[in-house]
Amino acid sequence: MSDFIKITSTDIPEINGSFSSHEELYKFSIEKPEEFWGPIARARLRWDKEFTKVMDCNMEKGVFDWFIGGKLNASVQCVDRHCEVDPDRIALIWEQDEPGKEQRITFRQLKEMVCKIANVLKSEGVRKSDRVVMYISISPLAVASMLACARIGAVHSVIFAGFSAEALASRIMDAGASVVITSDQSIRGGRLIELKKTVDAAVAKCPSVRRVLVARRTGNPVPIIEGRDVWLEEAMEAQSVECIPESMDSEDSLFMLYTSGSTGKPKGLVHSTAGYLLYASFTHKQVFDIRDGDIFACVADIGWITGHSYVVYGPLVNGITTVLFESHPAYPDHGRYWEMVQRIRPTQFYGAPTAIRLLLGHDSSYVTKYDRSSLRTLGSVGEPINHEAWQWYHEVVGKGKCDVVDTWWQTETGGICISPRPSAPGAEIRSAMPMRPLFGIAPVILDDKGNVLEGRDVSGALCIRKSWPGIARTVYGDHSRYYDTYFKPYPGYYFTGDGSIRDLDGYYHITGRMDDVINVSGHRLGTAEVEDALDEHFSVAESAVVGYPHDIKGEGVYAYIVLKEGVIQEHKQIIAELRSIVRTKIAGHAVPEIMQICPSLPKTRSGKIMRRILRKIAADQIEELGDVTTLADPSIIEYIIKNHRHCI
Ligand code: ATP
Ligand code: MG
């Protein structure tokens with residue numbers, strides 16, 4: 001057989017056997033999950049006690065057990081193992097907000113920090129399975145605090161350090177935490193953010209909190225409440241650099257984390273120890289083709305799942321250097337990412353479409369003046385990436401030489417589920433789609449009635465029909481919400497909430513959230529497709545499309561448009577051209593009836609467009625905007641409402 005490709009040891013060495021292609025190995029992972037995941041888990045994690053059974057999962061009930069009977073500690077996987085072989089290897093590079101300022105931490109130093117904080121937590125009476133809330137932006141101390149919780153078996157709950165006191169209080173209460181870790185202030189884009197003051201306001205409403213541990217970030221004076229607040233670094237000084245790790249069950253909770261809140265009340269999803277760690281680190285290695293000595297730059301904050309899986313756990317389990325990015329892509333100017341790339345020389349860069357769209361609106365010299373030759377792979381996550389942004393990432397940032405991977409996944413999935421895998425033999429990558437399921441992920445597309453749509457050229461609700469190790473196990477304190485949200489809509493399947501197309505070549509595209517699907521005269525439209533077409537226009541930086549009630553068509557298409565900086569073209573002409581682009585690229589029924597040009601769009605704090613709110617404005621239901629606490633900049637809403645009647 002001339003085209004026989006044996007999956008070699010550089011590929012997935014844990015799997016014994018000959019497979020002629022990536023597809024065959026993928027098929028094996030779906031059909032024989034125990035034979036696939038068992039050896040990988042045995043080889044890739046250090047077990048105190050080996051598991052006796054790979055899995056026991058029930059998709060009907062939404063109950064999942066992986067690596068049953070196994071015992072391990074997450075912090076050992078992330079630090080101790082690497083310390084033993086190479087203690088001076090750099091574990092963390094903290095890219096601080098102040099331009100040009102960075103701090104490097106070795107695996108030995110990280111281990112010492114983890115143990116000291118773990119001992120502080122123990123001395124505060126924190127025990128196995130207690131929840132510890134962290135309201136702190138990214139830093140070595142923040143990463144060490146997460147791992148310190150893991151070391152003693154406590155469950156960390158990182159709350160993005162931009163949420164209001166009210167949002168923080170409701171999450172502390174939901175978790176029933178007795179200890180909160182924060183810092184005096186944080187700093188982003190040169191702006192100081194009052195973390196400690198926000199914690200004070202939140203904790204005033206949370207009787208469960210006994211202790212607030214305060215790290216120093218800026219050193220500016222902040223109020224300290226005697227008897228409750230303790231400076232973290234001072235408490236660490238008195239502690240030993242050793243702390244015996246707690247041996248946890250595979251299925252013990254490692255952390256809980258709230259979703260971004262794009263669609264409503266946030267859910268505190270709970271992740272397991274063994275399954276999560278394995279899935280985060282395995283997908284990290286596979287998607288980004290991680291090799292020894294790599295420096296991985298994922299620019300997400302630790303307040304989101306991307307920060308958990310691909311800043312902290314994935315890279316650290318894999319023993320490589322991970323970058324902690326504290327700043328903003330436009331600070332001090334639009335070249336920040338690339339100046340950092342030139343200085344730190346990362347091998348991979350992983351960011352969000354929202355930032356890419358922000359940067360492509362500015363002169364490309366912000367990118368090209370810096371040396372980006374260290375980069376091999378560029379990743380995108382969080383929202384559908386439009387073609388224009390993908391191309392810019394590929395051509396301008398990657399000079400056409402880097403693999404660009406659009407990675408689809410969710411807080412609930414623990415790690416990347418659908419994404420190109422450039423290291424696969426003969427892999428092809430196409431623009432602006434996640435393309436292929438990763439090992440162990442069996443996506444299906446269902447219609448409204450719950451029928452599975454077989455074959456190609458189909459679209460509908462994206463579900464997953466088999467369990468994988470990284471799936472979240474429950475919603476904290478509310479298992480019925482977990483079941484109702486993910487397993488009740490399509491019995492026997494995990495429902496992602498997103499829509500998808502499997503195209504003529506069998507590749508997956510994400511069309512946006514199912515709640516956002518617009519039905520125009522019986523034609524179903526995904527928001528991503530229309531936005532992608534609008535974004536192609538030279539003057540458009542980004543757009544958001546929603547449906548609104550329409551007497552004749554049922555729903556009409558309403559588009560909010562943000563123009564690039566310095567556009568002088570007349571708005572009327574731009575709108576006429578946009579209509580024609582959508583008509584040519586998609587169809588007449590997809591052409592927006594209403595277009596509103598706005599200075600920016602309402603986004604969640606993780607940078608995602610909040611279509612839920614835009615939909616209400618388009619429908620004139622301004623009194624019913626719902627929870628806006630997760631918005632990054634609420635003032636834009638007022639602007640949009642005021643001008644909503646004056647659109648074209
Ligand atoms: P909430 O669940 O509270 O509404 P959220 O869904 O935004 O918040 P996350 O778990 O952070 O919270 O985001 C996952 C969602 O982000 C996915 O369900 C999908 O809608 C979107 N997403 C992530 N990556 C991609 C991608 N590559 N392409 C398209 N959409 C993506
Ligand atoms: Mg979601």
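Since the structure is predicted, the reported quantities are computational estimates derived from the model, not experimental observations.

Draft legend 1. Local environment of the overall build of the protein. Summing up its helical and strand segments, the protein has 19 helices and 30 strands in all. Scaling as 2.2 N^0.38, a compact globule of 648 residues should have a C-alpha radius of gyration of about 26 Å, and the protein matches this with 24 Å. Across its three principal directions, the C-alpha atoms of the protein cover 70 × 70 × 50 Å. Taking as baseline every contact in the protein between residues at least 6 positions apart, the subset at least 24 positions apart corresponds to 70%. In the protein, which carries 74 positive and 84 negative side-chain charges, the distance between the mean positions of the two groups comes to 2 Å.

Draft legend 2. Summary view of the environment of serine 539. Of note, serine 539 is situated in the loop between α16 (527-535) and β28 (540-550). Measuring from C-alpha to C-alpha, the distance between serine 539 and isoleucine 568 comes to 8.9 Å, with 29 residues separating the pair along the chain. Those residues within four positions of serine 539 in sequence are excluded, and the remaining contacts are Val562, Leu563, Lys564, Val567, Gln569 and Ile574.

Draft legend 3. Representation of unusual backbone geometry within the structure. Here the bond from tyrosine 331 into proline 332 is cis, since omega is -5°, no more than 30 degrees from zero. Along the chain, proline 332 turns up in the loop between β17 (321-325) and α11 (336-344). Residues other than glycine seldom take positive phi values, yet aspartate 457 does so here, at roughly 60°. Secondary-structure assignment places aspartate 457 in the loop between β21 (443-446) and β22 (458-464).

Draft legend 4. The sheet that holds strand β11 (residues 211-215), seen in detail. Judged by pairing direction, the sheet is mixed, and its 8 strands sit side by side in the order β12-β11-β8-β6-β7-β14-β15-β23 without closing on themselves. Looking at strand neighbours, the two that pair on one side only are β12 (229-231) and β23 (474-475), the edges of this open sheet. Direction of pairing for strand β8 (residues 179-183) relative to β11: parallel, over a ladder of 5 bridges. Looking at β11, one finds that serine 183 is bridged to alanine 215. Strands in contact with helix α9 (residues 274-288) are β14 (253-258) and β15 (268-272); relative to β15, the strand with the most contacts, it is inclined by about 85°.

Draft legend 5. Structural view of the UniProt feature "domain: Acetyl-coenzyme A synthetase N-terminal" (unreviewed entry) in the protein. In this structure's numbering, the residues bearing the UniProt feature "domain: Acetyl-coenzyme A synthetase N-terminal" (unreviewed entry) are residues 23-78. This span, residues 23-78, is 46% helix and 25% strand, and a straight line between its end C-alpha atoms measures 31 Å.

Draft legend 6. Layout of the pairing of strand β29 (residues 554-563). Taken across its 10 residues, β29 has 8 buried, putting it largely inside the fold. Both β28 and β29 contribute to a ladder of 10 bridges, which runs antiparallel. Counted as the bridge partner of glycine 547 is valine 557 from β29. Counting the residues between successive antiparallel strands, the hairpin from β28 to β29 contains 3 residues. Strand direction decides the pairing type here: β29 and strand β30 (residues 594-597), joined by 4 bridges, are parallel. When the sheet's bridge partners are listed, isoleucine 561 is paired in β30 with isoleucine 597. In this view, the connection linking β29 to its parallel neighbour β30 by way of helix α17 (residues 571-585) has right-handed handedness.

Draft legend 7. Inspection of the packing of helix α3 (residues 74-85) against helix α10 (residues 305-317) at higher detail. Interhelical geometry of α3 versus α10 gives an angle of 40° and a closest axis separation of 8 Å. On the basis of the axis angle, α3 is oblique to α10. For the element pair α3 and α10, the recorded crossing hand is left-handed. When α3 is examined against α10, the residues Gln77, Cys78, Arg81 and His82 are found in contact with a partner set consisting of Tyr313, Leu316 and Val317. Across the contact of α3 with α10, the residue classes break down as 4 nonpolar, 2 polar and 1 charged.

Draft legend 8. Focus on the environment of glycine 426. Within the secondary structure, glycine 426 sits in the loop between β20 (403-406) and β21. For the pair glycine 426 and serine 21, spaced 405 residues apart in the sequence, the C-alpha separation amounts to 8.7 Å.

Draft legend 9. Just the sheet that holds β21, in detail. Here 4 strands make up an open sheet; going across it, the order is β21-β22-β24-β25 and the pairing antiparallel. Here the strands that pair on one side only, and so sit at the sheet edges, are β21 and β25 (508-513). Sheet twist, expressed as the average angle between the axes of neighbouring strands with direction ignored, equals 45°. The sheet contact formed by β22 and strand β24 (residues 494-502) spans 6 bridges and is antiparallel. Its bridge partner being in β24, cysteine 463 is matched across the sheet by phenylalanine 495.

The rules we used
Residues numbered from 1 in each chain as written. Chains lettered and ligands numbered in written order. Predicted model: local features only at pLDDT ≥ 70, side-chain atom pairs only at ≥ 80, totals over all residues. Heavy atoms only, no water. Helix = DSSP H or I, 4+ residues; strand = E, 2+ residues; numbered from the N terminus. Rg over C-alpha atoms; globule rule 2.2 N^0.38 Å. Contact = heavy atoms within 4.5 Å. Lys, Arg positive; Asp, Glu negative; His and termini not counted. Charge placed at Lys NZ, Arg CZ, Asp CG, Glu CD. Pairing = 2+ DSSP bridges. Axes fitted to C-alpha atoms, helices over the stretch in contact; angles between N-to-C directions. UniProt positions renumbered as here; feature names shortened; annotations may be inferred. Buried < 20%, exposed > 50% of the residue type's maximum accessible area, 1.4 Å probe, protein only. Right-handed = clockwise from strand over helix to strand, strands pointing away. Parallel < 35°, antiparallel > 145°, perpendicular 65-115°, else oblique. Left-handed = near helix turned anticlockwise from the far one by under 90°. Nonpolar A, V, L, I, M, F, W, Y, C, P; charged D, E, K, R; others polar.

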